[in-house]
Amino acid sequence: PRSAAAPRSVAAPPPAAPAMVVVDIHYTPHGSEVYLEGALRGVTPLSLEVPRGEAPLAVEVRRTGYQPASLEIVPNSSYTLAGPLTPARSARRSSGRSSRPREETPPPSGHRYERYD
């Protein structure tokens with residue numbers, strides 16, 4: 001007579017990473033437009049699901065009267081992007097020299113400039 005072989009235990013494969021990741025975007029002012037790869041996806045605050053991957057994605061947050069915020073993310077995990085948009089400086093046109101001395105604008109952080117008169 002044949003004896004029945006004991007069943008082999010097979011280890012379960014590790015759980016697969018989710019196919020999608022969540023990108024939460026909380027820039028202020030609320031109602032700012034969010035673009036992903038150049039396409040409008042909604043307004044802040046916004047939660048987007050994007051396919052998990054290693055290719056960078058371009059994110060831009062825009063609002064009239066503010067400088068846009070542009071960054072790249074690699075969607076290999078979920079992200080929260082938050083911060084304030086910087087108010088845009090109004091472009092003033094002048095027909096001549098002002099009697100007031102012109103204010104120096106400090107360079108952006110990490111930049112430097114020298115003035116030559």
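Structure: above.
Reading the values: the criteria
Residues numbered from 1 in each chain as written. Predicted model: local features only at pLDDT ≥ 70, side-chain atom pairs only at ≥ 80, totals over all residues. Heavy atoms only, no water. Helix = DSSP H or I, 4+ residues; strand = E, 2+ residues; numbered from the N terminus. Buried < 20%, exposed > 50% of the residue type's maximum accessible area, 1.4 Å probe, protein only. Areas by Shrake-Rupley, 256 points an atom, 1.4 Å probe, with all protein chains shown as cover. Core = buried A, V, L, I, M, F, W, Y, C linked by side-chain atoms within 4.5 Å. Salt bridge = Lys/Arg side-chain N within 4 Å of Asp/Glu carboxyl O. Contact = heavy atoms within 4.5 Å. Polar contact = N/O pair within 3.5 Å; in protein donor to acceptor, adjacent residues only side chain to side chain. Pairing = 2+ DSSP bridges. Axes fitted to C-alpha atoms, helices over the stretch in contact; angles between N-to-C directions.

> Looking at this structure, how should I read the overall build of the protein chain?
The helix and strand inventory of the protein chain stands at 0 helices and 9 strands. Reading the protein chain from its N terminus to its C terminus gives the helix and strand order β-β-β-β-β-β-β-β-β. Within the span of the protein chain, comprising 117 residues, buried residues form 19% of the whole. A total accessible area of about 9,800 Å² is found for the protein chain, and carbon and sulfur atoms account for 53% of it.

> When you look at the nonpolar core in this model, what are you seeing that I'm missing?
Proteins that are soluble and globular tend to have nonpolar side chains buried together. Counting 16 residues, the largest nonpolar core has Ile25, Tyr27, Val50, Val61 and Leu81 as the members making the most contacts within it. Ranked by residue count, the leading element in this core is strand β1 (residues 20–28), at 4 residues.

> Just to check I follow, could you spell out the pattern of salt bridges for this structure?
In total, this model carries 1 salt bridge according to the counting rule given. As a salt-bridge pair, arginine 62 and glutamate 60 come within 2.7 Å of each other at their nearest N and O atoms.

> Would you mind showing me how to read the environment of arginine 62 here?
Examined against the element boundaries, arginine 62 turns out to sit in strand β5 (residues 57–62). Considered as a pair, arginine 62 and serine 32 are 30 residues apart in the sequence and their alpha carbons are 5.6 Å apart. For arginine 62, the residues in contact, after removing those within four places along its chain, are Ser32, Glu33, Tyr35, Pro68 and Leu85. At 2.7 Å, the side chain of arginine 62 forms a polar contact with the side chain of glutamate 60.

> Hey, could you run me through the sheet that holds strand β8 (residues 79–84) in this one?
By definition, the strands of a sheet pair up through backbone hydrogen bonds, in either a parallel or an antiparallel sense. Read across the sheet, 3 strands follow the order β4-β1-β8 without closing on themselves; strand pairing throughout is mixed. The sheet is open, and its two borders are formed by β4 (46–51) and β8, each paired with just one other strand. The sheet shows a mean angle of 20° between the axes of neighbouring strands, direction not considered.

> Got a minute to help me understand the pairing of β5 in this structure?
Side chains on a regular strand alternate between the two faces of the sheet. Alignment of strand β2 (residues 33–36) against β5, held across 4 bridges, turns out to be antiparallel. Paired with glutamate 33 across the bridge in β5 is arginine 62. Note: β5 against strand β7 (residues 69–73), 5 bridges, orientation antiparallel. Residue pairing for β7: alanine 58 is matched across the bridge by glutamate 72.

> Help me understand the side chain of glutamate 60 in this model?
With respect to the helices, strands and loops of the structure, glutamate 60 is situated in strand β5. A polar atom in the side chain of glutamate 60 sits 3.0 Å from the side chain of serine 70. For glutamate 60, the residues in contact, after removing those within four places along its chain, are Glu33, Val34, Tyr35, Pro68, Ala69 and Ser70.

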